Amino acid sequence: MDILQSYGAILIGAAALVGFLMAWGIGANDVANAMGTSVGSKALTIKQAIIIAMIFEFAGAYLAGGEVTSTIRKGIIDSAFFVDTPELLVFGMIASLLAAGLWLAVASALGWPVSTTHSIIGAIVGFAAVGISADAVNWAKIAGIVGSWVITPAISGFIAYLIFMSAQRLIFDTDNPFKNAKRFVPMYMGLAGFVLTLVTIKKGLKHVGIDLGAMEGYAISVAIAVGVAIVGRYFINKIQIDEKADQRMHYASVEKVFAILMVVTACCMAFAHGSNDVANAIGPLAAVVNVVENNGEIAKKAALAWWILPLGGLGIVAGLALFGHRVIETIGKGITHLTPSRGFAAELAAATTVVIASGTGLPISTTQTLVGAVLGVGMARGIAALNLSVVRNIVVSWVVTLPVGAGLSIVFFFMIKGIFA
Amino acid sequence: MPSNSFLGVFAKSPLKPLEKHIDLVHKCAKGLLPFFEAVFNNDWQEAEQLQRKISNLEKQADQVKRELRVSLPSGIFMPINRQDLLDLLSQQDKIANRAKDISGRVIGRELQLPPQMHDQFVEYLTRCLDATGQAQTVINELDELLETGFKGRELRLVEDMIAKLDTIEDDTDAMQVKMRRMLRTLEQDLNPVDVIFLYDIIEWIGDLADISERVGSRLELMLAG
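Just so it is clear, the model here is predicted, and its values are computed rather than measured.

A.B. asks: Where do I start with the overall build of chain A in this structure?
C.D. replies: Within chain A, the regular secondary structure consists of 14 helices and one strand. Against the 2.2 N^0.38 benchmark of 22 Å for 421 residues, chain A shows a C-alpha radius of gyration of 22 Å, consistent with a compact globule. The principal-axis extent of the C-alpha atoms belonging to chain A is close to 75 × 50 × 35 Å. Burial analysis of chain A (421 residues in total) assigns 59% to the buried set.

A.B. asks: Honestly, the overall build of chain B in this entry has me stumped. Any pointers?
C.D. replies: A tally of helices and strands in chain B yields eight helices and one strand. Sequence-ordered secondary structure for chain B, helices as α and strands as β, is α-α-α-β-α-α-α-α-α. In terms of principal-axis extent, the alpha carbons of chain B reach across some 70 × 35 × 20 Å. Sorting the 225 residues of chain B into buried and exposed places 45% on the buried side. Within chain B, contacts between residues at least 6 apart in sequence are counted, and of these 85% link residues at least 24 apart.

A.B. asks: Would you mind showing me how to read the environment of Ser148(A) here?
C.D. replies: Examined against the element boundaries, Ser148(A) turns out to sit in helix H6 (residues 139–172). Along the chain, Ser148(A) and Ala357(A) lie 209 residues apart, while their C-alpha atoms are 8.7 Å from each other.

A.B. asks: Which parts of the structure should I look at to understand the environment of Ala140(A)?
C.D. replies: All names here are of chain A. With respect to the helices, strands and loops of the structure, Ala 140 is situated in helix H6. The class of Ala 140 is exposed, set by 8 C-beta atoms lying within 10 Å. In this structure, the C-alpha to C-alpha distance between Ala 140 and Ile 76, residues 64 residues apart in sequence, is 8.9 Å.

A.B. asks: For this particular structure, what's the right way to read the environment of Asp170(B)?
C.D. replies: Among the secondary structure elements, Asp170(B) is positioned in helix H7 (residues 152–186). For Asp170(B), a count of 12 C-beta atoms within 10 Å puts it in the exposed group.

A.B. asks: Whenever I open this one, the packing of helix H5 (residues 118–139) of chain B against helix H8 (residues 192–224) of chain B confuses me. Can you help?
C.D. replies: If you want to describe how two helices pack, look at the angle between their axes and the distance between the axes. Residues and elements named next belong to chain B. Relative orientation of the contacting elements H5 and H8 amounts to 20 degrees, with a least axis distance of 8 Å. The pairing of H5 with H8 is recorded here as roughly parallel in orientation. Regarding H5 and H8, the two cross each other, and that crossing is left-handed. Of the residues in H8, those touching H5 at Tyr 124, Leu 125, Cys 128, Leu 129, Ala 131, Thr 132, Gln 134, Ala 135 and Val 138 are Ile 205, Gly 206, Leu 208, Ala 209, Ser 212, Glu 213, Val 215, Gly 216 and Leu 219. Of the residues assigned to the contact of H5 with H8, the class counts are twelve nonpolar, five polar and one charged.

A.B. asks: Can you help me understand the confidence of the model for chain A in this one?
C.D. replies: The predicted coordinates of low-pLDDT regions are not to be read in fine detail. On average, residues of chain A score 87 in pLDDT, and 96% of them are at 70 or above. The least confident element of chain A is helix H11 (residues 308–334) of chain A, whose mean pLDDT is 77; the most confident is H6(A), at 94.

A.B. asks: What is the right way to look at the interface of chain A and chain B in this model?
C.D. replies: Frequently, the measure chosen for interface size is the accessible area that the parts lose on association. Contact residues are listed per partner, giving 42 residues for chain A and 31 residues for chain B. Elements supplying a minimum of two residues to the side of chain A that touches chain B: helix H1 (2–40), helix H4 (86–110), H6, H11, helix H13 (366–379), strand E1 (386–387) and helix H14 (388–420) of chain A. Class assignment of the residues belonging to the side of chain A that touches chain B gives a composition of 22 nonpolar, 18 polar and two charged. As judged from the two bridges shared by E1(A) and strand E1 (residues 76–77) of chain B, these two strands associate in the antiparallel manner. The residue of E1(B) that forms the bridge with Leu386(A) is Phe77(B).

A.B. asks: Is there a simple way to explain the nonpolar core in this structure?
C.D. replies: In a soluble, globular protein the nonpolar side chains are often hidden away together inside. Among the nonpolar cores identified, the biggest contains 215 residues, and Ala53(A), Ile94(A) and Val288(A) are the most heavily contacted of them. Once residues lying within four places of it in the same chain are set aside, the contact partners of Ala53(A) are Val31(A), Ala34(A), Met35(A), Ala270(A), Leu320(A) and Gly324(A).

A.B. asks: Is there a simple way to explain unusual backbone geometry in this structure?
C.D. replies: Both trends apply: most residues other than glycine have a negative phi, and most peptide bonds are in trans. All names here are of chain B. At Asn 42, a residue that is not glycine, the phi angle is positive and equals roughly 55 degrees. Tracing the backbone through its elements, the reader meets Asn 42 in the loop between helix H2 (32–40) and helix H3 (44–70). Of note, Phe 150 is a non-glycine position whose phi angle comes to about 60 degrees, a positive value. Along the chain, the position of Phe 150 falls in the loop between helix H6 (142–147) and H7.

A.B. asks: Teacher, can you tell me more about the packing of H4(A) against H14(A) here?
C.D. replies: Residue and element names in this part refer to chain A. Across the interface, H4 lies against H14 with an axial gap of 8 Å and an inter-helix angle of 135 degrees. It follows from the interaxial angle that H4 and H14 lie oblique. The crossing of H4 and H14 is right-handed. Here H4 contributes Phe 91, Gly 92, Ile 94, Ala 95, Ser 96, Leu 98, Ala 99, Ala 100, Leu 102 and Trp 103 to the contact with H14, which in turn contributes Thr 401, Val 404, Gly 405, Leu 408, Ser 409, Phe 412, Phe 413, Ile 416 and Lys 417. Tallied by class, residues from the contact of H4 with H14 come to 13 nonpolar, five polar and one charged.

A.B. asks: Looking at this structure, how should I read the confidence of the model for chain B?
C.D. replies: For chain B, the average pLDDT comes to 93, and 97% of its residues sit at 70 or higher. In the model output, the complex is listed with pTM 0.90 alongside ipTM 0.86.

Cut-offs applied
- Residues numbered from 1 in each chain as written.
- Chains lettered and ligands numbered in written order.
- Predicted model: local features only at pLDDT ≥ 70, side-chain atom pairs only at ≥ 80, totals over all residues.
- Helix = DSSP H or I, 4+ residues; strand = E, 2+ residues; numbered from the N terminus.
- Rg over C-alpha atoms; globule rule 2.2 N^0.38 Å.
- Buried ≥ 20, exposed ≤ 12 C-beta atoms within 10 Å, placed from the backbone.
- Contact = placed C-beta atoms within 7 Å.
- Axes fitted to C-alpha atoms, helices over the stretch in contact; angles between N-to-C directions.
- Parallel < 35°, antiparallel > 145°, perpendicular 65-115°, else oblique.
- Left-handed = near helix turned anticlockwise from the far one by under 90°.
- Nonpolar A, V, L, I, M, F, W, Y, C, P; charged D, E, K, R; others polar.
- pLDDT = per-residue confidence, 0-100.
- Pairing = 2+ DSSP bridges.
- Core = buried A, V, L, I, M, F, W, Y, C linked by C-beta atoms within 7 Å.

This is the structure we're talking about:
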């Protein structure tokens, strides 16, 4: 108890700093995954991708990041074990942030595709199970989270498959694909706008202090969906058939319409990424702040401190601004033969899945979901070639991340405990 | 490419190189027309130069073939079967090899056709090249097939194209019979060894269409699977 009173400000400061750095790392690194598909299919330039990512990552983090943050803050650990020693929770959360941050830095330097979500969950479970007691971990919740890591890629793959098939049915396999693209693409835009707004209103806004009724929520979502569709339609109507390009590839003009759609799905993807991944950086921070500000009392009901979500959002944006350019530039060159119609199906499916998961407070991995979506489009015979060996590597590195995150956080936990003891 | 992004999942598309390969192959086979023109004019210097051009294009096609093969590791996931694709590629490659064999054999023996046969021979060769051209057109539809997920209208369109390829091949078969019959009526006045080789050449030119048809049927198999 004394520790929290005498060192409270330092502890919050340290947690905020590490949390900010973590958010910064997420912005610099993960954003490549969120925006890469758009840049790779040439729907966006790098500059546009960065600007979209900055705006929508922040919006996603601020407006819809609250639920997942709560899960990480208080859903994984049973706070009953910390009633007498709240400082241990503070140490553990700071240790978890350090562990996840360090592991991410190492993995990025070595070029391993690791998941921020997995590192932080592994880290929190690690310090709680070993540093405190195996019973301190809410294992039922953990089982749910780990289960979601398996289920969400499958769900997003299934959604991507359906979206891709619907685009085939409505647009590609018709007499006049270009005309049908102009007609149906705004509807996809509207759908994307609807899902995002609805989840944000239903689940996200209460953490920002806005509470809307159910009917109002639906009304606003529909209004925004229609608005998005109308604006999209305006831009789509400006596209002309490019006869010369069409001779080389019959669907060149159709793909141009999808490129506009991809601007919308890229926004969704950035928003979804912000909403889910910001919690990895600020969830532990929120826990620290909560404990310290309540003088060691672990309040179950306490609201998120107002400055935490924007801090995470700013961290992500700062990372983007500094390193996003370089990261996105390198990936833009790598992808071949990913046309906007495929990219859109994958992005929309992944973004929808992630946003819904964010709404229910499940910390899932954006990258995993995206890989699932891409495989879904691949199953529909929509992508020329996929490297399954790379998929395997990704899965392996995710599995490895859990014990490594746990091990590191245990080490840091005892170190911090030793310093203050 | 930073491998810590998931985008390494996207492998290089095999369709573009496949299209590039058939483009080279068709160009290589088409080189036979000016080549035989030079031969008919007894301009062996020119013919030799054109033969080198054919052989050069065949080498380029080989290069593309090799690059494509190494870019298809077994862990690759494609909308089409990997083995079918490799089979298709090797069939395509055989067209270029045939074209090179034909020109090489003619140059090597300074083989001359009886002048009475020239017109019909050019007609026959042109029809066979129609077949390689049609194979090229069909393979170049792979882009569009991918766009439509290898089904629907586009698939039917390609199937029609393959049917047309079969018709062209039937034509060349009939023409080949006529060519052989014509050669038979002339053979007693010719050098017997040359005659044997001429029969070979006629057959090999027919092979251009035969193999093109096989390219079409491989593609059909690939699309069915």
